[in-house]
Amino acid sequence: MYRHITLSSLALAAVLLTAAGMIALGALHWGLLLLLAAWYGSHRFGRAVVSRIAALRHTASEIARSGSFDLKAEVDGGNEFSSLAESFNAMMDRLRTAYVQSQANETEIKSLLDNSPHLIARFDRDLRCMYVNRQVQFYFDLHPERALGKTPEELGIRGSVRTQMARLAREGGEAVYEYDHGGRSLETHFVAERDADGNISSILCVTRDVTARRVAEEGLRLAARAIESSDYPIVVTSAAQDGFLIRYVNPAFVRLTGYSAEEAIGRNCRFLHGDDRDQPGLEELRAALQEEREVHVVLRNYRKDGSRFWNELSVSPVRDANGAVTHFVSEMVDVTARREAQEQLEHQATHDPLTGLPNRNLLTDRLMQAISYAQRYQRMIAVAFLDLDKFKHVNDTLGHDAGDQLLKIVAERLSDCVRDSDTVARLGGDEFVLVLYDQANEDITYHATQRVLSSIAEPMVIAGREITVTCSIGFAVYPQDGADAETLIRNADTAMYRAKELGRDNFQFYTEELHARINERLAMETGLRRALEHDEFELHYQPRVDLSSGKVTAVEALIRWNHPELGQIEPLRFVPLAEELGLIHRIGEWVLHESCRQQAAWQKAGVADLPVSINISGIQFVQKDFIKLLSRVLRETPLDPSRLELEITESLSMQDPENSIRVLRELKALGVRVAIDDFGTGYSNLHFMKQFPVDIIKLDRSFVQDIVRNPEDLAISNAVISMAHSLHLKVTAEGVESVAQLALLADHGCDEMQGYYFSPPLPMEQCTALLRESRTLPMEKLGRRQVNRTILLIDDEPHVLSALERILRRTGCRILTANSALDAFDLMAMHEIGVILSDQRMPEMTGVEFFARIRNMYPATVRMILSGYADVDAVTNAINIGAVYKFLNKPWDANELCTIISEAFDKYEDDVLRLSGGVERRAVAC
Ligand SMILES: Nc1nc2c(ncn2[C@@H]2O[C@H](COP(=O)(O)O[C@H]3[C@@H](O)[C@H](n4cnc5c(=O)[nH]c(N)nc54)O[C@@H]3COP(=O)(O)O)[C@@H](O)[C@H]2O)c(=O)[nH]1
């Protein structure tokens, strides 16, 4: 029984184990039913075990009913049934563990499938949906349960996809298929699954949405196409760690730079900068690349052929998914045309269009910069204001084109005269400004100025004619003459005016005194405009004297301006200003009227009937209706035209000689007398002089001033007198101040004199008195007195002179003495001297030097040196050139000296005779 029970128990255990196995496989329900069946089967094993088995069965059926693995079989009694119950309980524990694990796995798989972003489905061979995860909701808008059992068509899958699935279900294999579904791009991976026998059991489908990827790919494709076909050059470079090397260039880059893609790729973009590395944009670009940020710069780049272009460059970093910069994309825009247009505009705003030089704006800018530099480093700057002399004349005579050409040449010459670092600007017209930086001293400025003056004065060929212009320059120096650009330019301008006043073709530095003069000029400008209305002008009269009779032959009317504050102003200070201001016509007319009126008054009053001469300004002379005006005034006064004399300067008459001839002829036709004033200072053309219908030539004061001592002045005066006489003109010497000048001029045949020696210009009343008393020049003053055999002794030691005088009295000749060479000149001018005995050592000049001059002025004189010292070279030279006849030593032998002097007079008389071509010896009485 026991064995039977045991066997029964074993059979039961086997059944239970089988049941357990079934349970373990997940068929718990069925296991319990089998257990009950086994239990019924074992009923036959006896009633003894019935109750235990009943208990065990009860436990098992409770477990089956409740599904709870926590119920336990009773394990008491210590027999086989207890052991069975224990095993039962242990089995249930393991079943519970397996069950829990299986539940967890199932949940996990379901969760994985449901959480997959892809749609996963399985179809059976008949293509009915067996399984689908919950993504079906997203992809096909279906609840998963409603999809089960559906065919692809019922799920909306048709056409080629459906055909593909059917093929796989038939033939097996796998396939990837992309298709459009409801506007989205889906990609499904189909796999035909096989069972253990290798038969196709199902089709597994994994579908994913590739819309975003496709859009991105399309975007990339379009971007690549756009970049390739873009007109703007595009360059992609690597990031810093890879050395910013070019990875890509588009065709527009190739077109712009001339570099092929192969030549550019792998290089750093810096090859596009050439040697032009010092560009502000490059600094900015480098900083932006280091800081991995966008940047926009404009650079000068160079093509493969070396030509320059302006590149407006925009660089942007490209970042990867992690935000790290991997590349830079640069877009280039060729802005050369725009830049050049802009540069041209800027150039036009800052440069003079004719010469290309900086204009006033740029000049002021540069000067301001220079001043701040000079201030910091204690340097000097010279500002030169330059104005061409008589540029207007070139414009008027040759035309504006020629004037423009001249200005361009001047601009080039000025630029060549200064350093590259200096500035040459044109302010307009014929005004230029030079800024000479860093002038260590005035010497440097002086040399630069000399260069400018001589360079401008070089002849130039314009409109087929060679012309020469000069310029006047004024300087102002920083810091002493001004602390700002405007003041410096203004003061340089002031100095330039001074240079003009001083006769042009020179330069002047600005001074405070000049400033005062300019202020005065401004005051004069204002005053001059109202001077006529306020009756501030007056005429003074200076007599002219005939040198053969000593009588007054004419009076010259000279204007004076009685300024209410500045007092009496001489004409040289205001006439040029009146010319400049265009007031000279009215003033000239007043002078003409007043002088004619005065002459008529003197005539009427019986004071004198002499011509009155007036000065005519160049502007009046070329005035169209000048002759008409003259006739009117002569008529109104009324005045006999022969009683009016007009003085025109030599330089004015020679400016346009043909026109002068025409006007002078008209004047002559009117019956007016004409004098050429300041003769010798201009450049007379004798060919024209011959044709000038004039009456008098006035020898300029500058030659008269030094005529007694200066052989050249004497020679010029002589030449003027000879030339005038050969043209049958009279000569008036101007500015005669001394008897010596007078004597010498008379001796050389001068016809008239005017000067302080006889009378200064006098106010009308005083002149009337002079004329009324018929004052004359004493005749004894006229010409050198001729007394036979006159000797001149010259020595600065009075006792030597008296000793010589004592000895030479024996010779019977007239003895004149002088303590200096200068006194000797005067005596020579006034007397006819045959022999001169001079000391060698004198304060003003040596005896040899004195004789060299005398030889030129009075060639017939016999010149001897009497000296205690012998400068052998000088004396030998003097004897060789004929300046000295004999050299005598101190102390002298009285008899021998008298003999030598007598022989010297013989020689003089022979020479005079020979030179005059005469036959008679002049008086020889001693
Ligand atoms: N258009 C006009 N110009 C005029 C007029 N009046 C004068 N002028 C011009 O001014 C120049 C200077 O004149 P002024 O200062 O009057 O000088 C004259 C004399 O004073 C001076 N002079 C005469 N004698 C002497 C002398 O012995 N020594 C000396 N130092 N100066 C002397 O010379 C001037 C006369 O010169 P000139 O006319 O050349 O005969 C004057 O030259 C005119 O150009 C006017 O009304 N209109």
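That block above? That's the structure.
Because the structure is predicted, anything quoted here is derived from the model rather than measured.

Student: Before we go on, may I ask you to explain the overall build of the protein chain in this structure?
Tutor: When helices and strands are counted, the protein chain shows 35 helices and 32 strands. Evaluated residue by residue, the protein chain yields a buried proportion of 46% over its 926 residues. Put simply, 58% of the contacts in the protein chain that link residues at least 6 apart link residues at least 24 apart. Looking at the protein chain as shown, the accessible area adds up to about 47100 Å², and 52% of this sits on carbon and sulfur atoms.

Student: Help me understand the sheet that holds strand β6 (residues 234–238), please; the structure alone is not making it clear to me.
Tutor: Through backbone hydrogen bonds, the strands of a sheet pair up, either in parallel or in antiparallel fashion. What the 5 strands build is an open sheet, ordered β7-β6-β10-β9-β8; its pairing is antiparallel. The strands lining the two open edges of the sheet, one partner per strand, are β7 (246–249) and β8 (295–302). Within the sheet, the average angular offset between the axes of one strand and its neighbour, ignoring direction, is 30°. Along the sheet, helix α12 (residues 280–290) makes contact with β8, β9 (308–319) and β10 (325–334), crossing β8 at roughly 130°. Packed onto the sheet, helix α13 (residues 336–350) meets β8, β9 and β10 and runs at close to 125° relative to β9.

Student: Any chance you could explain the packing of helix α15 (residues 391–398) against helix α16 (residues 400–417) here in plain terms?
Tutor: What describes two packed helices is the angle between their axes and the distance between those same axes. For the pair α15 and α16, interaxial distance at closest approach is 6 Å and the crossing angle is 140°. Here α16 runs oblique to α15, going by the angle between their axes. Here Phe-391, Val-394, Asn-395 and Leu-398 of α15 lie close against α16, whose contacting residues are His-400, Ala-402, Gly-403, Leu-406 and Leu-407. Partitioned by chemical class, the residues of the contact of α15 with α16 number 6 nonpolar, 3 polar and no charged.

Student: Is there a simple way to explain α16 in this structure?
Tutor: Since the α-helix advances by 3.6 residues per turn, residues separated by three or four positions end up pointing in the same direction. Between the first and last C-alpha of α16 there are 26 Å, a value that for 18 residues agrees with the 26 Å anticipated at 1.5 Å per step. Those residues of α16 that fall on the buried side of the exposure criterion are Ala-402, Gly-403, Leu-406, Leu-407, Ile-409, Val-410, Ala-411, Arg-413, Leu-414 and Cys-417.

Student: Whenever I open this one, the site of the ligand confuses me. Can you help?
Tutor: Taken together, 22 residues are adjacent to the ligand, and Glu-556, Arg-560, Glu-734, Glu-737 and Tyr-756 come closest. For the ligand, a nitrogen atom lies 2.9 Å from a polar atom in the side chain of Gln-542. For the ligand, whose free accessible area comes to 820 Å², the fraction covered by protein is 85%. Elements that contribute at least two residues to the shell around the ligand include exactly β19 (552–563), α20 (571–580) and β23 (673–679).

Student: How should the sheet that holds strand β4 (residues 184–194) be read in this particular structure?
Tutor: On the basis of which strands lie adjacent, the open sheet formed by 5 strands has the order β2-β1-β5-β4-β3 and antiparallel pairing. Unpaired on one side and paired on the other, β2 (129–132) and β3 (174–181) mark the two borders of the sheet. Mean inter-strand twist for the sheet, computed between neighbouring axes without regard to direction, equals 20°. Relative to β2, strand β1 (residues 119–124) runs antiparallel, the two being bridged by 3 bridges. Following the sheet pairing, Arg-122 is matched in β2 by Tyr-131. Here helix α9 (residues 211–229) sits on the sheet and contacts β3, β4 and β5 (200–209); the angle it forms with β4, its principal contact strand, is near 125°.

Student: Teacher, can you tell me more about α12 here?
Tutor: Looking only at α12, the buried set comprises Gly-281, Leu-282, Leu-285, Ala-288 and Leu-289. The arc enclosing the buried residues of α12, seen along the axis, measures out at 130°, which places them on a common side. Projecting away from the buried face of α12 at angles above 90 degrees are the exposed residues Pro-280, Glu-283 and Gln-290. Contacts from the buried residues of α12 go to β8, β9 and β10. Positive backbone phi, at 50°, marks Glu-292, one or two positions downstream of α12.

Student: Sorry, what's going on with the environment of Cys-269 here?
Tutor: Note that Cys-269 resides in the loop between α11 (261–264) and α12. Considered as a pair, Cys-269 and Ile-246 are 23 residues apart in the sequence and their alpha carbons are 6.9 Å apart. In contact with Cys-269, not counting residues within four places along its chain, are Val-235, Thr-237, Phe-244 and Ile-246.

Student: It is not clear to me how the packing of aromatic side chains should be interpreted in this structure. Could you clarify?
Tutor: The description of two aromatic rings rests on the distance between their centres and on the angle between their planes. What the rule picks out here adds up to 15 aromatic pairs. With 5.0 Å between their ring centres and 70° between their planes, Tyr-541 and Trp-602 make a pair best called edge-to-face. A residue pair is termed long-range when its members are at least 10 positions apart, and Tyr-541 in strand β18 (residues 537–546) and Trp-602 in helix α21 (residues 584–604) qualify at 61 residues. On the basis of relative accessible area, Trp-602 is assigned to the buried category, the value being 4%. Here the aromatic residues Phe-537, Trp-561, Phe-574 and Trp-590 are joined through ring pairs into a cluster of three or more. Across from the ring centre of Trp-310, 4.1 Å away, lies the NZ or CZ of Arg-339, which sits over that ring. Over the aromatic face of Phe-758 sits the side chain of Arg-775, whose NZ or CZ is 6.0 Å from the ring centroid.

What counts as what
Residues numbered from 1 in each chain as written. Predicted model: local features only at pLDDT ≥ 70, side-chain atom pairs only at ≥ 80, totals over all residues. Heavy atoms only, no water. Helix = DSSP H or I, 4+ residues; strand = E, 2+ residues; numbered from the N terminus. Buried < 20%, exposed > 50% of the residue type's maximum accessible area, 1.4 Å probe, protein only. Contact = heavy atoms within 4.5 Å. Areas by Shrake-Rupley, 256 points an atom, 1.4 Å probe, with all protein chains shown as cover. Pairing = 2+ DSSP bridges. Axes fitted to C-alpha atoms, helices over the stretch in contact; angles between N-to-C directions. Parallel < 35°, antiparallel > 145°, perpendicular 65-115°, else oblique. Nonpolar A, V, L, I, M, F, W, Y, C, P; charged D, E, K, R; others polar. Expected span 1.5 Å × (residues − 1). Near = heavy atom within 4 Å. Polar contact = N/O pair within 3.5 Å; in protein donor to acceptor, adjacent residues only side chain to side chain. Arc of directions from axis to C-beta. Phe/Tyr/Trp six-rings, centres within 6.5 Å; stacked < 30°, edge-to-face > 60°. Lys NZ or Arg CZ within 6 Å of the ring centre and 35° of its normal.

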